[in-house]
Each structure stands twice: as C-alpha cells, then as structure tokens.
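Structural overview for review
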Amino acid sequence: MTTFPLDKLSLRTQVRMKVNGEPHVLLVKPWQTLLEALREELGLTGTKEGCGNGNCGCCTILMNGKTVNSCLVLAPEADGAEILTVEGLAQNGRLDPLQKAFIQYGALQCGFCTPGFLLSAKYLLQENPNPTEHQVRLAIAGNLCRCTGYDKIVRAILAVARGEVQ
Amino acid sequence: MTTTTPFRYIGKPIPKADALERVTGTARFGADLKLPGMLHGKVLRSPHPHAYIRRIDASRALALEGVKAVVTAQDLPPLEDARAAFGGELMIDLDHLRRLTIAHEKALFEGHAVAAVAATSPEIAEAALELIQVDYEVLPVVENALDAMKPDAPLLHPNLYTRTLGEKPSKPSNIATIVEVGFGDLEKAWAAADVVVEQSFETQMVHQGYLEPQACVAWVDADGRIHVWTTTQGTFNAQRMLSALLKVPLHMLNVIPAEVGGAFGGKIYVILEPLAILLSRKAGRPVKMVMDRAEVFRATGPASPAYITVKAGAKRDGTLTGLYAKIVMDAGAFPGAPVQGATWCIFAPYKAPAMKVEAYDVVTNKPRVQAYRAPGATAAAFASESTLDMLAERLGLDPLEFRLRNAAQEGDQNVTGQTYGRIGVKAILEAIRKHPHWNTPLQGKNRGRGLAMGAWMGAILTSSSQVVVNVDGTVQIVTGQVDITGTRTSMLQMVADMLQLPLDHISIRVGDTNCTPYTDLSAGSRTTFTQSAALARACQSVIAQMKAQAADALSKPDRRLTPEDIEYADGKFWVKSDPEQVLPWRQVAGLTRTRGTGPIVGTGTVTRLQPANEFSAQLCDVEVDPETGKVKILRFTAFQDAGRVINPIQVEGQMQGGAVQGIGWGLFEYYAWDKGKLRNPTLLDYREPTALDLPMIDTCIVEVPAPDGPLGVRGVGEPPIVPGPAALANAIYRAVGVRLTKLPMTPETVFWAIQEKKQAEHLQAVAGDGA
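Residues numbered from 1 in each chain as written. Chains lettered and ligands numbered in written order. Predicted model: local features only at pLDDT ≥ 70, side-chain atom pairs only at ≥ 80, totals over all residues. Heavy atoms only, no water.

1. Things to note about the overall build of chain B
Basically, it comes down to this: Numbering of helices and strands runs from the N terminus, with a helix taken as a DSSP run of H or I at least four residues long and a strand as a DSSP run of E at least two residues long. C-alpha atoms define the radius of gyration, and 2.2 Å times the number of residues to the power 0.38 defines the globule rule. To sort residues, take the accessible area from a 1.4 Å probe on protein chains only and compare it with the maximum for the residue type: under 20% means buried, over 50% means exposed, and anything in between is partly exposed. Residue contacts are counted whenever heavy atoms from the two residues lie within 4.5 Å of one another.
Scanning chain B for helices and strands turns up 20 helices and 30 strands. Over its C-alpha atoms chain B spans a radius of gyration of 28 Å, differing by no more than 12% from the 28 Å that the globule rule assigns to 771 residues. Counting only C-alpha atoms, chain B reaches 110 × 70 × 55 Å along its principal axes. Within chain B, the fraction of its 771 residues that count as buried is 64%. Of the contacts formed within chain B by residues at least 6 apart in sequence, a portion of 79% connects residues at least 24 apart.

2. Considering the interface of chain A and chain B
So the rule is basically this: A quick way to say it: buried area is the sum, across both parts, of accessible area lost when two parts are put together, with a 1.4 Å probe. Any carboxyl oxygen of Asp or Glu that lies within 4 Å of a side-chain nitrogen of Lys or Arg is treated as forming a salt bridge with it. We define a polar contact as two N or O atoms separated by no more than 3.5 Å, with the added condition that, inside protein, one atom must be a possible hydrogen donor and the other a possible acceptor, whereas residues neighbouring each other in sequence contribute only through side-chain atom pairs. Each residue is assigned to one class: nonpolar for Ala, Val, Leu, Ile, Met, Phe, Trp, Tyr, Cys and Pro, charged for Asp, Glu, Lys and Arg, and polar for all the others, Gly among them.
In this complex, chain A contributes 55 residues to the contact, which on the side of chain B involves 58 residues. At the boundary of chain A with chain B, total buried surface from both sides reaches about 4500 Å², with 60% on carbon and sulfur atoms. Counting the surface chain A buries against chain B, the share from its top three residues, Gln109, Arg137 and Arg146 of chain A, is 18%. Taken together, chain A and chain B are joined by seven salt bridges. Put simply, Glu688 of chain B and Arg146 of chain A hold a salt bridge, and the shortest N to O gap is 3.9 Å. The interface formed by chain A and chain B holds 23 residue pairs in polar contact (both at pLDDT 80 or more) in total. Tallied by class, the residues present in the side of chain A that touches chain B amount to 27 nonpolar, 16 polar and 12 charged.

3. Examining the environment of Ala314 of chain B
All names here are of chain B. Note that Ala314 resides in strand β15 (residues 306-314). Taking the C-alpha atoms as reference points, Ala314 and Val179, separated by 135 residues in sequence, lie 25 Å from one another. Not counting residues within four places of it along the chain, the set of residues in contact with Ala314 comprises Ala193, Asp194, Val195, Thr319, Leu320, Thr321, Leu391, Leu395 and Phe402.

4. Things to note about the sheet that holds strand β4 (residues 66-69) of chain A
To summarise the sheet geometry, strands pair through backbone hydrogen bonds and adopt either a parallel or an antiparallel arrangement. All names here are of chain A. As a reminder, the rule being used: One requirement defines pairing of two strands: DSSP has to find at least two bridges between them. Axes here refer to lines fitted to C-alpha atoms; in helices the fit is confined to the stretch in contact. Angles between the N-to-C directions go from 0 to 180 degrees.
In spatial order, the strands read β2-β1-β5-β3-β4; together these five strands make up an open sheet with mixed pairing. Each edge of the open sheet is held by one strand with a lone partner, namely β2 (22-28) and β4. Here the strands of the sheet are splayed against their neighbours by 40° on average, with no regard to which way each runs. Sheet topology note: the strand β1 (residues 13-19)/β2 ladder contains seven bridges and is antiparallel. The partner of Val15 across the bridge, within β2, is Leu26. Relative to β2, helix α1 (residues 34-41) is tilted by about 105°, and along the sheet it contacts β1, β2, β3 (60-63) and β5 (81-84). Across the sheet, helix α3 (residues 114-127) is in contact with β3, β4 and β5; its angle to β3 comes to roughly 40°.

5. Focus: helix α4 (residues 122-131) of chain B
The periodicity of an α-helix, 3.6 residues per turn, causes residues three or four places apart in sequence to face the same way. Residue and element names in this part refer to chain B. Judged by how many residues are buried, α4 sits mostly within the fold: seven of 10 residues are covered. Of all the residues in α4, the buried ones are Glu123, Ile124, Ala125, Ala127, Ala128, Leu129 and Leu131. In this fold, the buried residues of α4 make contact with β1 (39-45), β2 (51-57), α2 (59-63), β3 (67-71), β7 (113-119) and β8 (133-138).

6. Some words on the side chain of His40 of chain B
With respect to the helices and strands, the residue His40 of chain B is situated in strand β1. Excluding residues that lie within four positions of it along the chain, His40 of chain B makes contacts with Val117, Ala118, Ala119, Thr120, Ser121, Pro122, Ala125, Val287 and Lys288 of chain B.

7. What to know about the nonpolar core
Selection rule: Take the buried residues of types Ala, Val, Leu, Ile, Met, Phe, Trp, Tyr and Cys, join any two whose side-chain atoms come within 4.5 Å, and each joined set is a nonpolar core.
One finds Phe102 and Ile157 of chain A together with Leu391, Ile432 and Val622 of chain B to be the most contacted residues of the largest nonpolar core, which totals 218 residues. Looking at this core, the element that brings in the most residues is helix α11 (residues 377-395) of chain B, giving 11 residues. Among residues more than four places away in sequence, those in contact with Val622 of chain B are Asn446, Arg447, Gly448, Val631, Lys632, Ile633, Leu634, Leu728, Ala731, Ile732 and Ala735 of chain B. Core analysis: the second largest hydrophobic core is formed by 49 residues, Val475, Ala496, Leu501 and Ile566 of chain B among them.

8. Considering the domain arrangement of chain B
Note on interface size: it is often stated as the accessible area lost on association of the parts. Residue and element names in this part refer to chain B. Inclusion rule: Residue ranges assigned to the domains are those given by an automatic or database domain assignment.
Looking at chain B, the domain boundaries give domain 1 (19-26 + 460-606), domain 2 (33-139 + 212-261 + 267-299) and domain 3 (306-458 + 611-755). Averaged C-alpha coordinates put domain 1 and domain 3 at centres separated by 40 Å. Tallying the contact residues gives 17 residues for domain 1 and 18 residues for domain 3. Note on domain 1 versus domain 3: buried area summed over both sides is about 1200 Å², and carbon and sulfur give 61% of it. Here domain 1 is connected to domain 3 by zero salt bridges.

9. Section: the packing of aromatic side chains
Our working definition: Two aromatic rings from Phe, Tyr or Trp, using only the six-membered ring of Trp, form a pair when their centres are within 6.5 Å; if the ring planes differ by under 30 degrees the pair is stacked, by over 60 it is edge-to-face, and anything between is tilted. Comment: the charge-over-ring label is applied if NZ (Lys) or CZ (Arg) is within 6 Å of the ring centre and within 35 degrees of the ring normal.
Scanning the entire structure with this criterion turns up 16 aromatic pairs over all chains. Aromatic pair Phe117 of chain A and Tyr150 of chain A: ring centres 6.2 Å apart, planes at 50°, arrangement tilted. Placement of the pair is Phe117 of chain A in helix α3 and Tyr150 of chain A in the loop between α4 (133-139) and α5 (151-161), with a sequence separation of 33 residues. Comparing Phe117 of chain A with Tyr150 of chain A shows no difference in burial state: the two are buried. Clustering of aromatic rings is evident, with ring pairs tying together Phe297, Tyr671, Trp673 and Tyr686 of chain B. Here the basic side chain of Arg54 of chain B rests over the ring of Tyr52 of chain B, its NZ or CZ set 4.6 Å away from the ring centre. When the ring centre of Phe668 of chain B is taken as origin, the NZ or CZ atom of Arg687 of chain B, which lies over that ring, is 4.6 Å away.

Set out below in structure tokens:
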C-alpha cells in the first residue's frame, strides 16, 4: 500500500466561507489547503503557490482580517472565516491605492509574488497607517520577490501610507 | 529607422503594459490553466545521485484506480540525429536532452526523472508513484568538478570524450570541453610586472530562485496535434526541442506561452513538457504537471559552481601587464557549463598586452545547470574583480583610478579575440567618480566600501515581430517573443515612436508558435536590443505599404502618384509636392478593407547584429559585526551602460533586481550537498534575500549608444547580477581586513575568517616577542 490512505479519497467536508464579500459553501477534501480550495474550487487563481510550505509568501491572503499563508491553512480550518484575496482588493471597479501605487512605481515585474505583497501591505497599513521604511520591510519580510530587489515595492507602500496615491 | 520628430515615448517611464492584470490577480501563469477532463501528472525521481536503473515495474501503479498512464524512457522515440543541439545560452545536444528529460539506463543526479504518472487527481498520481518499483544499482558519486577531473574518478558517461583543440583523447572523461583562448606572451607579462597577484576562488551551485515553479498543460488532440501551455522563455525553442525529442513535425506542435513567473535563464529547456505530452498521448486526455519547490531545487537547472584561479600583473603605475585565469565549471550531469560566458566576461572591462583563459566544462552528479542571468559571468567577476582589488591594494592605488587606467575601450581586444566596438566601461567609471556615493567618505568602525565591475557580451540570435494595421487605424504588434522582463511595454514604446502614433492606438499580443513568426528565446539580454531592429524593419515596411495606399488614393486621373511622392509624419500622409493633399493614418488604414490590397502587415526580422556589449559596476558600503560575522549593507549603488534607455523604470528595475540576486549569491545562497544529496531544498534553508536584508538600491544609468541597431539600445538584464559578490568581498576586506575567496560569505564564514586573522596576528605577535 502507499503512505496515502487511498480508502479516504472520497471524504469531503463542508466549509462555509465569505470570500471577497461573497458567501460560499464548498465541499473540500479534508486535507485540502485553503490555497487549493481558493484556486481549485473557487477558481481564484490570483493567489499563487510558490513553495507550499510557508516560506515564500506568494499565497498570502487575509483571513478574518489577518495575513496568513493560505498554503499552511487547511480549508476546513477556514470554516466560517472571512477571506480577502487579491481579486477582492478593487472595490466597485476602483483599484485599491496599493494596486495603483504598484503600477505607478513599477513595483512588480513578473507579478507572481505581487498578490501576496499587496495583501501583506494591506494588512500593514490597516494596523499601522504611518509605517517607517523599516516597518514596511519588516511587514513584507515574509514575502519573497526575485525580480525587483524590493526597492520599488517599499517605495510604493510608503507612497500609499503618505497619501501620495489615493 | 530615423524619425524626424523627437521621441514621445522612448525614454519615458511608461507604466508596464501588463501591470493591471498582475495587480488584480488575473494574469494567467503556468499553473493557472484548467481544461475539461484534465489529468494530473507527477514524476518519480531518483533518490540516488548516481545509479544504474536495472528494472522498472509499473504494473501495480497502473492497476490503481484512477491511474491513466505511466511513461518511462522506453516511451521516447529512438534517437536519430545525435548531432542536433539546443539551448540558446547553454547548449545541450539531443542525446543528452533525452537523457536529462528522463533517465535511461542510469540516474545521474538526485531528482533525475525516472518515470511519470497521470491520474485523475494529484493524490492518486502521487500514490501511484510509490507503487512503481525501481531496482537501482547504486554507483559512487562524483561530488564536485575537481574530483570529477581526477584520473581515477568514476565516469558519468562512458562515451564522453574531452573536446579540445588538441588530439582526440583515447579515453572517456568527465571533462567535456577545454577552452583555451588568449593573446600575448604571459611570461613576458609577469617579468615586466612590478607586482603579480595570484589567488584561487570558489563559488557554489545556486538557483535562479524564480518564485513560479515549472508548470505546463499538454493536450494531444484526436488528430494527434499537440498543444502545450507552458511557462517558458522561448516558445519556439521549446517547440524545436519537443519536435526533436518526440519526432513530431513543427506544424503539429503548438507551444502556447503562459505568463512567466520569473525565469532568469532557468526556463529555457523543456522539462515537464515532454513527459506531459507522452502522458497525454497515452491517456487521451489533457495532462497538467506542476513542480513543487523541492523538485524545482533538485530537478531544474541551477547555476554552475566554479573554481577559478586568477593571476594578474601590473607595473608600479598601475598599468596591467598580463591577466590569466583557469576556470573550472561544474555542468552537473550533462555537459554545458557556461564556460564561454565566464571566459568572455572575466577580464572584459580591461585591456592588457597579454591575456589568457583556460576553461573546463566538467560533469558531476548534480542537476544539469541552466543559464542564470549572465551565465558564467558572476563567478568569473567574483574572482577577477577580487584579484584586481588585491593588486590595486598591493600597488597602493585607488581601486577606481586603477580600473580607469586599464579600462578597455573601442578598438581594444577581449580575451576571446573580439575587438570591441563602442563600449561604456570608461563612461561608467567616470560616472562613479562623480557620484555622491563615491564622494561621501565612509566613516565608522568595521565599515568598508567595495567596488567591482561586471560584463556581458550581449546575445543576438534571431528576432522577429509583425506589426499589423487594423482597418480602424489601430495597430497591434504580433510576436512570439515571450515577455519575461517587461518587453511588451518597451516594444509598444518603440513602435509608437517608430510609427509616430499615440501609444494608446497600439497593443501587443505574445502569441503561440502556430500564429507568430519564428523568434528566438528571451534570454541573454537580447530581447529589447534585437527587437528594436526587428520592429524598425516591420515599421518601415508598414509605412511603405501605407504610403502605397495613400499614393493610390491621392492619385488623380491626370497624375498617378507613387509611394515616393508621399511623405509621412505624425499620423498624416501628404503629397510632397502639394502638402495640402493630406490623408490621415486612420483613413488610409480603412482603405485596405475594400480595395483588395490589404491587410497591412509588416514583418521584421534580424539575425546578424554586431553585439551590444554590456557593462556595469556596483559600489557598496558594508558594516561587519565581528562578533557574529554578519554583513550589513549600508548603501548600494548600481551603475550601468544601457546604451539608450527605452523605459527608465524598467531599466532601474532590472538593475535593482539583478543587484539583489548578486547580493544573495554573495552573502546567503548555496546548495548544501551531502554526498550528492541536497540538504536544503526549501526556500527557508535556501536563503534568498528578503526586504529586511537590504537597503534601497540606488541606480545610475549611463547611455553610450550601442554600435549597431537603430536606437543604440543595449540589453540591460544580465550585467546587474555580475559585480555584487565581488563588490561585497572587496567591501568586507576594507571593513575588517579579511579576504574572502569562497561564496557565499555567510556570517559563519566571515566570523571564522576574522578569528583566523586574529589567531595569525596573535601568533605573529608571540613569535615577535620570542625573538
């Protein structure tokens, strides 16, 4: 036999979540991560998997208002939770100031890590609207970016904090 | 193409054309695609770095419910043309590409693909892997290039004979190639020198570290047509490799580019694609394959480790008399280490009457390397730029003035024999001399400033694009040129100025291989440079065709006009001899719908441009904590000759991102091996720089137009990674007096180097007392 319990393959668990303001009832595999549920069940592929073990931050989302690596949360653990993903950042067709600033400052290149950075930054500015450069760097230290060298990302977040991008 | 009006878009910080989809999460990367009926593929990988594969029994896996196909090396069609070779930057021949794709009689590195499974869910596919029985006969491991070169080393390939300029060797070897280039008399050079410095250096295997793991979906349809959606730097290169591996003609094989989540040279070879196609063909359904991070570390192509010895001699006034290097590079399991890049780059910024490089491409039981941003150059510069700093210090000369005295310029010769056209080495060094960073004294204990240069020859290859005019006058660029760095934006800017049209009238589409003209991969800092020439030709053709339309429309019964009678500027065509007769662009475009003369399509292709050699330099200030060995970067400035800047935000972005990869290579990153097994295949233990490790990265761009191409553009992607490790090593030396010759310069390494220095000083003091 394999180490995977094949007889459990058909198990499903019901999970209720509010994702980007919309209520959903999902039947997930009990071992499925929140990341997989968002991507595979809800088709919200903006949240990315870069490592699958919480080291790269590409799958960062807000769960009940706080940042989590969605690859480290099991979908059933998110039962009853409110989730915000990159797809929910723009409101009524209006980009979030962070999204605008990332474009304006050139704070993205390949864009694979961008959703995670946007949500880490969103959380930071919620908790601390006037961060220093060091506080910004600390807040995004769990998000890896291999293209930009972080410079323009830090500048974009600081610009939003200073109200320079609305 | 020359335009009479000043540029409206070239040189301006235009926001990235594809940014909106990236900040809203709608850009489609390799793993984002889902097709009806899609299966999930997984790869069984060798746990042994070196082993014969005696037998593979997949019967139990095939019996598992939900498993739809299993493939092994047996499923590849037999090799026909053993001489075919592929690559772009680091070439690989077809036989080796086949064996790299899936192990044949031998597994040659830990993680080497042995079999692949497609099943109805990822869980079943993974369970099936455990049910495949493989009998291995474990072989001794060749751990590094120096061991591999020993006469009694176990051989990886029984039929690999060293390629050299000398006689064909009689026995096989792990040394694939020996390159020897140079000019002048080195013995005379050392004799003429007042100071000669010789030092050996070592760098480790590192990974490009792109955040998007390799991913693809393959579908072999009912007609046998192959569709592959994949995250690759070159759809046509992938198509050619797949065609040769699978013996399928090109028209039956469509490679569709997904957005690429970082590549840096690491997404050139096909890797999952051939397995996914074989599985799809067997199963009759689409197959998706996505690597996990450990697979990315173990089984993709990282960057070569290197052993480099540099010898440099100079006269008291700082004039170099000779430069020599021996470069040994580890290619991993199959030949193709970037020895040519290393050789071209190692002394590229300098002139000397005698130069020589001997370089060795050696195979070991590690993953086969791929390109990593300026492949070969970073390790080379770590060695040469450290040695030159040592030489400047021995001569008591300022490191900047010493480099300026020996700076290569137009007419000087690279070690490979290439004579330089216009290059920017002096312009960069002059820019440093004037820069506030250089002119601000660095004060404080354990602090030091380091300077180093970098180089890249600049790749060329073939580039094509089409410029299509719609009947409403809008324009789209249709290209197969994969965008990995923002080239869609720079191509839009160039076309807008070349056609003298507003930017918002133009769009760009990166299309698949069945719908776009052949273009080579996006690599080697070649895209914007070569596309500037291809697009200029396409736009010239478009304007000529549009002039013909305008001439026709403006002709009168008594006077037939030819295209030569028509002038064009800023969206208007008029008759040269009668400027009152004007037709706007839009109207001329509309004519093509009904006149039977359209559509207007300009195709531009270039293959032979003179290389646009690229140079960079970096200046960094560090503070070393002698108690912990930790290196803190206080200030960092990247300098580069961009030839002509198309988009300053993007050029800066390349410089900053490249610089930080160089910093990672210098301070943190390495493959930790234990007898051929990788101990750190995670992004926690393989430590890429985070935002907290860095200061802002300042940039200073100089523009020395490239000798060829319509705009003077030089590629900008590669050079910024090159100087970092050397600049850091030079800064650390000035901070705490220890010369580090091995990468990475982790806190532990720095700490022990400081301890050794203290110990040596103590022993010297004791010996002094005794005397």
